[in-house]
Amino acid sequence: MNKLKRTAALFAVILMILMLFPLNAFAASASVRASASSVKVGDTVTVTVTISGNNIGAASGTFSYNSSVLQFVSGSGASNGRIVVYATGSGQSSLSASMTFKAVGEGSSSVSASISQIYDMDEASLGSASGSCSIRVASNTPAPISSMDTSKVPPPRSYTMIF
């Protein structure tokens, strides 16, 4: 019985000591969304990368896309294939970067974001996250006119001219 009491007391002391240390088990996530999933050549589309978590202070990573289908035009928190975003003031529950692309060729392109470093306001790592979206680009050339349905065209009239 004495041994059982000692084991229970030791367990209680260890539990109280562990409660003194905060556990950072907050993981972050990333979502990637396009303003349109289908566009035509010459159109622009905006892609937003949102990093969500608890008390986020900063995040950085990379983005990629098919350059034969999309052309990077501008970005907020993103340029040259890199994403870098910071919280203003206190930590945030989410941070976002946006990128504007011009559709330059027919086909599909995945826009992928790999956020390799996510930190909270205390500079503790919240891990990494990734996400992607797909954009389909169609030709802006009008479809060819199909052959005319002649069944609804009245027959030609003949005229006789007298001189």
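Fair warning: this is a prediction, and the values are worked out from it, not measured in the lab. (Residues numbered from 1 in each chain as written. Predicted model: local features only at pLDDT ≥ 70, side-chain atom pairs only at ≥ 80, totals over all residues. Heavy atoms only, no water.)

### So, the overall build of the protein chain
Line of reasoning, step 1. What the protein chain contains, in helices and strands, is one helix and nine strands.
Line of reasoning, step 2. Reading the protein chain from its N end, one meets helices and strands in the order α-β-β-β-β-β-β-β-β-β.
Line of reasoning, step 3. Here the protein chain holds 163 residues, and the buried ones make up 25% of them.
Line of reasoning, step 4. Here the contacts in the protein chain between residues at least 6 apart in sequence split such that 72% fall between residues at least 24 apart.
Line of reasoning, step 5. A total accessible area of about 11,300 Å² is found for the protein chain, and carbon and sulfur atoms account for 56% of it. (Helix = DSSP H or I, 4+ residues; strand = E, 2+ residues; numbered from the N terminus. Buried < 20%, exposed > 50% of the residue type's maximum accessible area, 1.4 Å probe, protein only. Contact = heavy atoms within 4.5 Å. Areas by Shrake-Rupley, 256 points an atom, 1.4 Å probe, with all protein chains shown as cover.)

### A closer look at the environment of Tyr119
Line of reasoning, step 1. Here Tyr119 shows up in strand β8 (residues 107–120).
Line of reasoning, step 2. Sequence separation of Tyr119 and Gly53 is 66 residues, and the distance between their C-alpha atoms is 9.7 Å.

### Quick notes on the packing of aromatic side chains
Line of reasoning, step 1. As enumerated under the stated definition, the model contains five aromatic pairs in all.
Line of reasoning, step 2. Geometrically, the ring pair formed by Tyr65 and Phe101 is edge-to-face, given 4.8 Å between the ring centres and 65° between the ring planes. Residue Tyr65 is found in the loop between β3 (44–64) and β4 (70–76), and its partner Phe101 is found in strand β7 (residues 92–103); the two are separated by 36 residues along the sequence.
Line of reasoning, step 3. Using a relative accessible area of 29% as the deciding quantity, one classes Tyr65 as partly exposed.
Line of reasoning, step 4. Its relative accessible area of 0% is what places Phe101 among the buried residues.
Line of reasoning, step 5. Seen in terms of ring centroids, Phe72 and Phe101 are 5.9 Å apart; in terms of plane orientation they differ by 75°. Their pairing is edge-to-face. With a gap of 29 residues between them, Phe72 in strand β4 and Phe101 in strand β7 connect regions that are remote in the sequence.
Line of reasoning, step 6. An aromatic cluster is built from Phe63, Tyr65, Phe72 and Phe101, whose rings are joined through pairwise contacts. (Phe/Tyr/Trp six-rings, centres within 6.5 Å; stacked < 30°, edge-to-face > 60°.)

### Concerning the environment of Gly127
Line of reasoning, step 1. With respect to the helices and strands, the residue Gly127 is situated in strand β9 (residues 125–138).
Line of reasoning, step 2. Along the backbone, Gly127 and Ser29 are 98 residues apart, and their C-alpha atoms lie at a distance of 8.9 Å.
Line of reasoning, step 3. Apart from residues lying up to four places away in sequence, Gly127 is in contact with Ser116, Gln117 and Ile118.

### What about the nonpolar core?
Line of reasoning, step 1. Grouped together as the largest cluster of nonpolar side chains are 31 residues, with contacts concentrated most on Ile51, Ile115 and Ile118.
Line of reasoning, step 2. Counting only elements with at least two residues in this core, the list comes to β1 (29–34), β3, β6 (82–86), β7, β8 and β9.
Line of reasoning, step 3. Broken down by element, the residue count for this core peaks at seven residues, all from β3.
Line of reasoning, step 4. Dropping the residues within four chain positions of it, Ile51 is found in contact with Ala28, Ser29, Ala30, Ile56, Ala59, Val85, Ser93, Ser94, Leu95, Ile115 and Ile118. (Core = buried A, V, L, I, M, F, W, Y, C linked by side-chain atoms within 4.5 Å.)

### So, unusual backbone geometry
Line of reasoning, step 1. In the Ramachandran plot, Asn55 falls in the positive-phi region, its phi being about 60° despite a non-glycine side chain.
Line of reasoning, step 2. What makes Asn55 partly exposed here is its relative accessible area of 30%.

### Examining the pairing of β3
Line of reasoning, step 1. Alignment of β1 against β3, held across six bridges, turns out to be antiparallel. Residue pairing across strands places Ser31 opposite Thr50, the latter belonging to β3.
Line of reasoning, step 2. Sheet topology places β3 next to β7; 10 bridges connect them, and they run antiparallel. Bridge pairing in β7 links Val45 to Phe101.
Line of reasoning, step 3. Note that β3 and β8 share eight bridges and pair antiparallel. (Pairing = 2+ DSSP bridges.)

Purely geometric stuff here, so don't read any function into it on its own.
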